[in-house]
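The residues making up each chain are set out below.
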Amino acid sequence: MIYLDHNATTKVPAAVMEAIMPLMGESLNPSSVHKQGRQAKALLENSRQEIANMLAAGDDYKLSFTSSGTEANNLVLNNFLDGDIFISAIEHSSVYNYSKLYSNIHIVGVDQDGVVDLDDLDKKLAQSTNSKKLVSVMLANNETGVVQPIGKISQLARQHNAYTHSDAVQAVGKMELNINDLGVDFLSISGHKFGGLIGAGAVIYPSDFSLKPDLIGGGQEQGMRSGTENLLAIRSMALAAQLVQKDLLKRTSHLRNLRDQFEERLISACPQIIIAGQKADRLPNTSLIVNPSKSSETQLISLDMAGIAVSAGSACSSGRISKSHILSAMGFSDKDARSGIRVSFGVDNSAADIEHFLTTYSKLSG
Ligand code: PLP
């Protein structure tokens with residue numbers, strides 16, 4: 001099996017597995033006051049510090065663990081439901097679907113490369129008379145990999161007295177990440193996207209902001225997220241964070257080499273293909289291929305039968321493939337928005353994997 005779906009989830013690296021395996025045999029509740037509890041608490045707090053360090057989040061910020069990136073995004077947006085919320089048209093469903101539920105969610109357009117339209121954001125912020133405002137724009141898009149100008153977005157938001165949140169779930173381990181450079185107030189991450197176990201995410205928020213929790217109970221996570229912490233997943237996220245940070249340059253240059261080689265050869269073999277957002281600044285590992293002559297589903301199934309795992313960017317949790325709202329927002333036709341497949345490389349992929357993909361894909365696209 002050739003796995004080219006690293007934006008969906010990643011395997012846990014051997015070094016992380018080895019480090020967390022012994023913890024499975026322990027009873028570790030960080031809220032318990034006895035010795036094991038205190039050990040668990042120390043592991044939890046070390047993990048918090050290590051992840052904060054990776055993001056360069058100092059004392060101006062707090063970090064609370066959540067179960068996922070989805071929960072982290074929800075927690076931030078839920079704190080602004082009595083205000084105006086400005087999101088981009090290409091957000092992940094954990095942000096985007098708020099626009100289907102609430103009338104105070106304003107959608108900001110993107111250009112044909114999938115980059116947020118700053119003039120549209122400026123105009124929409126200026127029209128708001130609400131004193132409470134949040135701008136929520138992802139750092140890197142999960143389907144196209146397009147990286148948003150978050151520094152400029154947070155500056156603009158500040159001029160309008162708005163807070164800024166960025167969903168950085170796809171960015172960790174694929175680009176340099178420093179919360180101060182981004183200038184955002186809130187940031188969301190998710191461990192399983194960069195080598196942690198599924199089941200842990202984190203929200204980073206200003207120390208002086210009184211965040212209202214979604215989960216009420218024992219008051220874990222400084223009261224921000226009740227429920228016993230998923231220490232194994234949290235520990236694996238912190239260890240994975242250190243691994244990706246240590247090798248970031250090596251990782252990103254390997255990924256970029258593979259991706260560039262892949263796109264160049266794919267386009268010369270199948271000239272009808274469009275790589276969505278190719279001209280924009282993108283994550284080094286992601287290619288969203290639009291093949292107007294084939295539906296996402298047909299491509300996905302044929303590749304799966306040949307042992308190659310990719311995804312249709314637009315797949316939802318039921319596995320059904322729908323129209324990509326991201327491609328639609330970028331101006332692609334309905335037909336094209338149903339023809340995208342996402343190839344997302346990981347550090348273990350090699351040139352041989354590209355070779356295998358191209359041989360299979362050129363047969364399929366005729
Ligand atoms: N945000 C982005 C950009 C994502 O790609 C994903 C997952 O695909 C999420 C949020 C949700 O993360 P999780 O799977 O941890 O809920």
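Parameters and conventions
Residues numbered from 1 in each chain as written. Predicted model: local features only at pLDDT ≥ 70, side-chain atom pairs only at ≥ 80, totals over all residues. Heavy atoms only, no water. Helix = DSSP H or I, 4+ residues; strand = E, 2+ residues; numbered from the N terminus. Rg over C-alpha atoms; globule rule 2.2 N^0.38 Å. Buried < 20%, exposed > 50% of the residue type's maximum accessible area, 1.4 Å probe, protein only. Contact = heavy atoms within 4.5 Å. Pairing = 2+ DSSP bridges. Salt bridge = Lys/Arg side-chain N within 4 Å of Asp/Glu carboxyl O. Patch = residues over 30% accessible without salt bridge, like charges linked within 9 Å, V, L, I, M, F, W, Y side chains within 5 Å. Areas by Shrake-Rupley, 256 points an atom, 1.4 Å probe, with all protein chains shown as cover. Lys, Arg positive; Asp, Glu negative; His and termini not counted. Charge placed at Lys NZ, Arg CZ, Asp CG, Glu CD. Phe/Tyr/Trp six-rings, centres within 6.5 Å; stacked < 30°, edge-to-face > 60°. Lys NZ or Arg CZ within 6 Å of the ring centre and 35° of its normal.

Chemist: Hey, could you run me through the overall build of the protein in this one?
Modeler: Each helix and strand in the protein was counted, giving 13 helices and twelve strands. For 366 residues, the compact-globule formula gives about 21 Å, and the C-alpha radius of gyration of the protein, at 21 Å, lands near that figure. Taken along its principal axes, the extent of the C-alpha atoms in the protein is 65 × 55 × 35 Å. Scored against the burial criterion, the 366 residues of the protein give a buried share of 55%. Expressed as a percentage of contacts within the protein between residues at least 6 apart in sequence, the contacts between residues at least 24 apart total 70%.

Chemist: What is the right way to read the sheet that holds strand β9 (residues 274-275) from this model?
Modeler: Whether parallel or antiparallel, the strands of a sheet pair through hydrogen bonds between backbone atoms. Read across the sheet, three strands follow the order β9-β10-β12 without closing on themselves; strand pairing throughout is antiparallel. Either end of the sheet is taken by a strand with one partner, and the two such strands are β9 and β12 (340-344). Where β9 meets strand β10 (residues 286-290), two bridges bridge the pair, whose relative direction is antiparallel. Along β10, the bridge assignment pairs isoleucine 274 with valine 290.

Chemist: Before we go on, may I ask you to explain the pairing of strand β8 (residues 201-206) in this structure?
Modeler: Both faces of the sheet carry side chains from a regular strand, because those side chains alternate between them. Within β8, six of the six residues are buried, which leaves the element mostly enclosed by the surrounding structure. The pairing of strand β2 (residues 61-66) with β8 spans six bridges and is antiparallel. Looking across to β8, one finds that serine 64 is bridged to valine 203. Where strand β7 (residues 186-190) meets β8, four bridges bridge the pair, whose relative direction is antiparallel. Within β8, the position partnered with serine 190 by the bridge is glycine 201.

Chemist: Even after reading the chapter, I still don't get the pattern of salt bridges, so can you show me in this structure?
Modeler: Two side chains that carry opposite charge are able to pair once their charged atoms sit near each other. In total, this model carries 13 salt bridges according to the counting rule given. In this structure, the salt-bridge partner of arginine 259 is aspartate 260, at a minimum N-O distance of 2.9 Å. The exposure class of aspartate 260 is partly exposed, given its relative accessible area of 35%. Linked through salt bridges whose partners overlap, the residues forming this network are Lys41, Glu45, Arg48 and Glu221.

Chemist: I keep staring at a negative patch on the surface and nothing clicks. Help me out?
Modeler: A cluster of acidic residues, Asp111, Asp117, Asp119 and Asp122, forms a negative patch on the protein surface. Secondary-structure assignment places aspartate 119 in helix α5 (residues 118-127). Judged by its relative accessible area of 62%, aspartate 119 falls in the exposed class.

Chemist: Could you clarify how one ought to interpret the packing of aromatic side chains in this entry?
Modeler: Two aromatic rings are characterised by how far apart their centres lie and by the angle between their planes. Under the counting rule described, the total for this entry stands at ten aromatic pairs. Measuring from centroid to centroid gives 5.1 Å for phenylalanine 186 and phenylalanine 209, while their planes differ by 90 degrees, and the two rings are edge-to-face. Here phenylalanine 186 is found in strand β7, whereas its partner phenylalanine 209 is found in the loop between β8 and α8 (231-246), with 23 residues between them in sequence. With relative accessibility at 14%, the residue phenylalanine 209 sits in the buried group. A centroid spacing of 5.2 Å and a plane angle of 80 degrees characterise the contact between phenylalanine 262 and phenylalanine 357, whose relative ring orientation is edge-to-face. Of this pair, phenylalanine 262 sits in helix α9 (residues 248-269) while phenylalanine 357 sits in helix α13 (residues 351-364); the two residues are 95 residues apart in sequence, bridging distant segments of the chain. Judged by its relative accessible area of 1%, phenylalanine 262 is buried. Grouped by ring-pair contacts, the aromatic residues Phe80, Tyr163, Phe186 and Phe209 constitute a single cluster. Sitting above the plane of the phenylalanine 80 ring, lysine 132 keeps its charged end 5.4 Å from the centroid.

All we've got here are geometric facts, nothing functional implied.
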